[in-house]
Amino acid sequence: SVEMGQRLGMFDDAAGRLKADAATWKLIGERDAGELPATRIDVAGKTTDNEYPLVAAAMLQPLPFLPDRLARGAAFRDLPGTPSGTVGRAGPDVVGAAPVDYTALSDPNPRPGSATLVSYAGSETWEDLCGFRLALAEPAPGQTDPRPGWDPIGRVLTVYLPKGQSTTVPLTSFIGVDELKLMGVWQWLREYVEAITVNDPQQQALDQRGSADRIAHVLQRAVEGGHWMLTPPRLITLVHAVQQPLGHPELRALSVGHDDANGDPTLQTAPDRGRTDPSELASITAWRRLGATDAVLLGALRVHGASTAKVDLLATWTDPTDDQAEPGTSTQSAAVEELPLRQLREGYLRAAGQDDRAVGYYDPEHDQIAFVRAGDQAGTRDGHPLAFGEAAPRHRLGDVKRHVVTYTAVASSRYREYFDPDQVGGFTRASKGYVVDVPASARPLAPDVAYVLPTFGWERQVETNLKRSVRFGGGLRVYLHRPWFSSGAGELLGVALWSGSGAPLDAAGRDRHKPFFTQWGMDPIWDTGGLSGAPDIGSFPDAVESDRDVSLEEASARTPSGEPGRIDVVGFEPEFDKWSGLWFADLTIDTSSETYMPFVRLALVRYQPHALADARVSRVVLADFAQLTPDRSAMVTADPYHPRTLRVAISGVAPRGPRARVHAEPLPRNLAARPTQIEVRVQRRVAGLESDLAWEDVGAGGVEVQADFDGPVADQPDLILWAGSVTFARQPVAGELRLLVEEREFISADHVVVEDDRVRQPSRVIYAETVLLDEALVG
């Protein structure tokens, strides 16, 4: 600094000779030996050279060194809150503390950015120029003016920086316009500009998108201290550090279009299942390739990028298991992906470590990380869509099963280096959990069918003096060997169905595809109502899921053109039976006809509704034939004005024939008029016994059972009705008697045994019901 002062004549007298007075030499000696006050500051990881200049006072006055006479003040470029294309000046002539006044440059194409010039003036002598303090402050609540503030009394330039923001600004000196002529570099620039202007003239055209006249911008920056060849900058980083990122990260849906022609068609998600689809309104969706053991997550992650250095994506999920004595669950957790946000420029984020792939695309305009697949397109303001490559997190699940995963995004502070490593509260903030349905990527294993049994269910209303009992038939229970859940959570037992509309079109097509779909048919020994076509989705009213045109794996199911065979499928949720150690699923079949005990041959699959399009069903397994039990309804009612008489009615579908043929003369009495016969009896509780079997028939003397109607219903030959009355010789006592209704099916039409004038036909019970004569009926 002494040499610079001497070269500029700062120690010369009016005649241009070096001053020789004691005061001048004292000034030079003191300022040349001057040092800034130093303070020891411990820095983590640094053990030496921890002495740093630090001025504790509000001002550094007087200066301990000789200032640079050419430096008229400090110049900052692009301070936060400053408008582009302007110059702001702060000096002693400003009255009162106020925001710096920024004046727009008068150029039609001004240089970009701003310049803030803070003058060192304030003292009459050159060696005692006045410095200033640069202070950072958080904008006050409701503050609308973001410009830096200048206090001329305290000489403080206050820059407002919101929480979690940081910016790097160049700091230089600026030179007086007249003193530029002293700079050799300026002379070179002047000569160069003169030469190119004369030797290479250019047409000038105004272009607001760029620098129309670069020479003008160079000259403007030179007088503002912004030309690095004249006044090289020191870069100052302004930081408003926060311990944790601002706000919480948020996973959200991303609106993009997909170009299948230029995209990756192998990356799929489960087909849309309509309004009940768990992923219809999901923030994040999971996509997989057939057979892949990982999943790609698509959507968007909203972050506060300025305060976030990285985001860790974590996952937890619970899977059903069937590898112990009883089925259970297994809970797992994993770190899915690290999303490093190293800079806040728009572009792809690369995976940490050696795996060189994109894990997201940072969009600073919306402050979010987009998770996209190859071929996705996003609209832009200029109308030209932005096409993406694959840039999304991958969850390495290690299997091909379906999982229901809860993902959590954990954002880490960009400024943790500014805080004690043991700071209470930590340096992260987590999002809420987002549940994502990860589809299965491979077909389930074929079911291992043990056996199939017919089932029925009861619905009874017996509280009043009109008692109603309905037995719903048409049910089948399918027992399955363990294990289950080969495709993960939500795996169902599926029934494979013909995928055409109505019946198969021709016999050849039916024969070729019959190993792959469920069929039904009438029992050939009975004359009963007919069946049409093959079962369809509507034939299974209690199915919990269904799909149409599902592809099959079997090569033999392919069409002549080589396309995969297709089926419709309905799904039923299996349950575990501890007693047998088997899984089972109950299903009900609606034949939509009045046919008696039809045969059904089920074509069964494992069915995973939440899977990729070609991974929803396993290979088809054919079950044994099973018969459906018929429905029956029974009604018993009592008229309070006739307390010893009950009215009884039983109805249901039954075969029309064949009738029994008897080779005996005369014709035996009590011969069954139809293939099934209903009988109503009264039973008495056996005293002293507590058992379901502790009942005995009441003799003919105490009760009379009269059938008023026993046969087919008019215009409905396949529906039978038994209607009659039960009359008691004396008023029954509530709880002592019950009605027993039995229906027998006479199996052989030709074999009848006549003993003691009674017909004994081979038969079996196909329906039985009891009704207790309680207070409501006989009270």
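Residues numbered from 1 in each chain as written. Predicted model: local features only at pLDDT ≥ 70, side-chain atom pairs only at ≥ 80, totals over all residues. Heavy atoms only, no water.

(A) Examining the overall build of the protein more closely. Looking only at helices and strands, the protein features 6 helices and 47 strands. A globule of 779 residues ought to have a C-alpha radius of gyration of about 28 Å, yet the protein, at 47 Å, is considerably larger. In terms of its C-alpha atoms, the protein occupies a principal-axis envelope of roughly 165 × 65 × 50 Å. Burial status across the protein gives 42% buried among its 779 residues. Total accessible area computed for the protein in this model is approximately 41,300 Å², and 52% of it derives from carbon and sulfur atoms. Side chains of the protein carry 78 positive and 107 negative charges; the gap between the two charge centres is 1 Å. (Helix = DSSP H or I, 4+ residues; strand = E, 2+ residues; numbered from the N terminus. Rg over C-alpha atoms; globule rule 2.2 N^0.38 Å. Buried < 20%, exposed > 50% of the residue type's maximum accessible area, 1.4 Å probe, protein only. Areas by Shrake-Rupley, 256 points an atom, 1.4 Å probe, with all protein chains shown as cover. Lys, Arg positive; Asp, Glu negative; His and termini not counted. Charge placed at Lys NZ, Arg CZ, Asp CG, Glu CD.)

(B) Main features of the packing of aromatic side chains. Throughout the structure, instances matching the rule amount to 17 aromatic pairs. Ring geometry for Phe-456 versus Trp-458: centroids 6.0 Å apart, planes at 90°, classification edge-to-face. With a relative accessible area of 42%, Phe-456 lands in the partly exposed category. Centre to centre, the rings of Phe-540 and Phe-572 are 6.1 Å apart; their planes meet at 65°, and the pair counts as edge-to-face. (Phe/Tyr/Trp six-rings, centres within 6.5 Å; stacked < 30°, edge-to-face > 60°.)

(C) Region of the structure containing the sheet that holds strand 40 (residues 676-685). The antiparallel open sheet is built from 4 strands, whose spatial order is 41-40-44-47. Of all the strands in the sheet, just strand 41 (695-697) and strand 47 (763-772) have a single pairing partner and so form its edges. This sheet shows a mean twist of 35° between the axes of neighbouring strands, independent of strand direction. Bridge count for strand 44 (residues 737-746) against strand 47 is 9 bridges, and the pairing is antiparallel. Counterpart to Val-741 in the pairing with strand 47 is Glu-769. (Pairing = 2+ DSSP bridges. Axes fitted to C-alpha atoms, helices over the stretch in contact; angles between N-to-C directions.)

(D) Seen up close, the pattern of salt bridges. What the rule picks out here adds up to 36 salt bridges. In this structure, Lys-578 engages Glu-326 in a salt bridge whose closest nitrogen and oxygen atoms are separated by 3.7 Å. Taken together, the residues span a long stretch of sequence, with Lys-578 in the loop between strand 34 (575-577) and strand 35 (582-588) and Glu-326 in the loop between strand 17 (308-321) and strand 18 (328-340) at a distance of 252 residues. Taking relative accessible area as the criterion, Glu-326 reaches 43% and is therefore assigned partly exposed. With a shortest N-O distance of 2.7 Å, Arg-477 and Asp-586 are connected by a salt bridge. With Arg-477 in strand 29 (residues 466-480) and Asp-586 in strand 35, this pair connects stretches of sequence that are 109 residues apart. Bridged by salt links that share partners, the residues Glu-679, Arg-681, Asp-697 and Glu-742 form one connected network. (Salt bridge = Lys/Arg side-chain N within 4 Å of Asp/Glu carboxyl O.)

(E) Spatial organisation of the environment of Pro-712. Structurally, Pro-712 is set in strand 42 (residues 703-713). The exposure class assigned to Pro-712 is partly exposed, which follows from its relative accessible area of 38%. The spatial distance from the C-alpha of Pro-712 to the C-alpha of Ser-651 is 9.4 Å, given a sequence separation of 61 residues. Leaving out residues up to four positions away in the same chain, Pro-712 has contacts with Arg-674, Pro-717, Leu-719 and Ile-720. (Contact = heavy atoms within 4.5 Å.)

(F) Summary view of the nonpolar core. Core analysis: the biggest nonpolar cluster contains 33 residues, and Leu-301, Phe-371, Tyr-407 and Val-438 have the highest contact counts within it. When residues of this core are traced back to their parent elements, those giving at least two are strand 15 (285-287), strand 16 (294-302), strand 17, strand 18, strand 20 (358-363), strand 21 (368-371), strand 25 (403-413) and strand 27 (434-438). The leading source of residues in this core is strand 16, at 5 residues. Once residues within four sequence positions are removed from consideration, Leu-301 is found in contact with Pro-249, Glu-250, Leu-251, Val-311, Leu-339, Asp-367, Gln-368, Ile-369, Phe-371 and Ala-409. (Core = buried A, V, L, I, M, F, W, Y, C linked by side-chain atoms within 4.5 Å.)

(G) Quick look at helix 2 (residues 22-33). If you check helix 2, its first and last C-alpha atoms are 17 Å apart, about what 12 residues at 1.5 Å a residue would give, namely 16 Å. For helix 2, the complete set of buried residues consists of Thr-24, Leu-27, Ile-28 and Arg-31. Buried residues of helix 2, seen end-on, are gathered within an arc of 95° and therefore sit on one face of the element. Exposed and oriented more than 90 degrees from the buried face of helix 2 are Ala-22, Lys-26 and Ala-33. Those residues of helix 2 that are buried are in contact with helix 1 (2-7). The backbone nitrogen of Ala-23 has a side-chain oxygen 3.3 Å away, supplied by the residue at the start of helix 2, namely Asp-21. (Expected span 1.5 Å × (residues − 1). Arc of directions from axis to C-beta. Polar contact = N/O pair within 3.5 Å; in protein donor to acceptor, adjacent residues only side chain to side chain.)

(H) Focus on the sheet that holds strand 22 (residues 376-378). Taken together, the 3 strands give an open sheet; going across it, the order is 14-22-23, and neighbouring strands pair in antiparallel fashion. Only two strands of the sheet have a single partner each, and these edge strands are strand 14 (257-258) and strand 23 (386-387). Note: strand 14 against strand 22, 2 bridges, orientation antiparallel. Bridge pairing in strand 22 links Gly-257 to Gln-377.

(I) A look at the environment of Ile-537. Here Ile-537 is to be found in the loop between strand 31 (519-521) and strand 32 (545-551). For Ile-537, a relative accessible area of 14% translates into the label buried. Residues Ile-537 and Asp-547, 10 residues apart in the sequence, show an inter-C-alpha distance of 8.5 Å. Other than its neighbours up to four places away in sequence, Ile-537 contacts Leu-497, Ser-546, Asp-547, Arg-548, Asp-568, Val-569 and Val-570.

(J) Just the pairing of strand 44, in detail. Extensive coverage of strand 44 is indicated by the burial of 9 of its 10 residues. Pairing geometry for strand 40 and strand 44, over 9 bridges, is antiparallel. For Arg-681, the partnering residue across the bridge sits in strand 44 and is Leu-740.

(K) Fine view of the side chain of Arg-402. Considering the arrangement of structural elements, one finds Arg-402 in the loop between strand 24 (394-396) and strand 25. Here the side chain of Arg-402 touches Asp-437 through a polar contact of 2.4 Å, side chain to side chain.

(L) The packing of helix 3 (residues 184-199) against helix 4 (residues 214-223), seen in detail. Packing of helix 3 against helix 4 brings their axes to within 12 Å, and their N-to-C directions diverge by 165°. Considering the angle they form, helix 3 stands roughly antiparallel to helix 4. When you trace helix 3 past helix 4, the crossing you get is left-handed. Across the interface between the two elements, Trp-186, Val-193, Ile-196 and Thr-197 of helix 3 pack against Ile-215, Leu-219 and Ala-222 of helix 4. Grouping the constituent residues of the contact of helix 3 with helix 4 by class yields 6 nonpolar, 1 polar and no charged. (Parallel < 35°, antiparallel > 145°, perpendicular 65-115°, else oblique. Left-handed = near helix turned anticlockwise from the far one by under 90°. Nonpolar A, V, L, I, M, F, W, Y, C, P; charged D, E, K, R; others polar.)

(M) Highlighting a nonpolar patch on the surface. A surface patch of nonpolar side chains, about 220 Å² in accessible area, is lined by Leu-36, Val-55 and Phe-65. Relative to the helices and strands, Val-55 resides in the loop between strand 2 (51-53) and strand 3 (71-77). Residue Val-55 is classed as partly exposed on the basis of its relative accessible area of 34%. (Patch = residues over 30% accessible without salt bridge, like charges linked within 9 Å, V, L, I, M, F, W, Y side chains within 5 Å.)

(N) Looking closely at unusual backbone geometry. Residue Pro-483 is reached from Arg-482 by a cis peptide bond, and omega for that bond is 0°. Considering the arrangement of structural elements, one finds Pro-483 in the loop between strand 29 and strand 30 (492-497). Note that the residue after Gly-657, namely Pro-658, is joined by a cis bond; omega there is 5°. Within the secondary structure layout, Pro-658 lies in the loop between strand 39 (645-653) and strand 40. For Asp-549, which is not a glycine, the phi torsion comes out positive at approximately 55°. Its place among the elements puts Asp-549 in strand 32. For Asp-549, a relative accessible area of 42% translates into the label partly exposed. Phi is positive for Ser-592, which is not a glycine, with a value near 55°. Note that Ser-592 resides in the loop between strand 35 and strand 36 (599-607).

(O) Structural detail: the side chain of Thr-676. Locating Thr-676 in the fold gives a position in strand 40. A distance of 3.1 Å separates polar atoms of two side chains, one belonging to Thr-676 and the other to Glu-743. Look past the residues within four positions of Thr-676 in its chain and what remains in contact with it is Tyr-596, Ala-654, Pro-655, Ile-720, Glu-743, Arg-744, Glu-745, Phe-746 and Ile-766.

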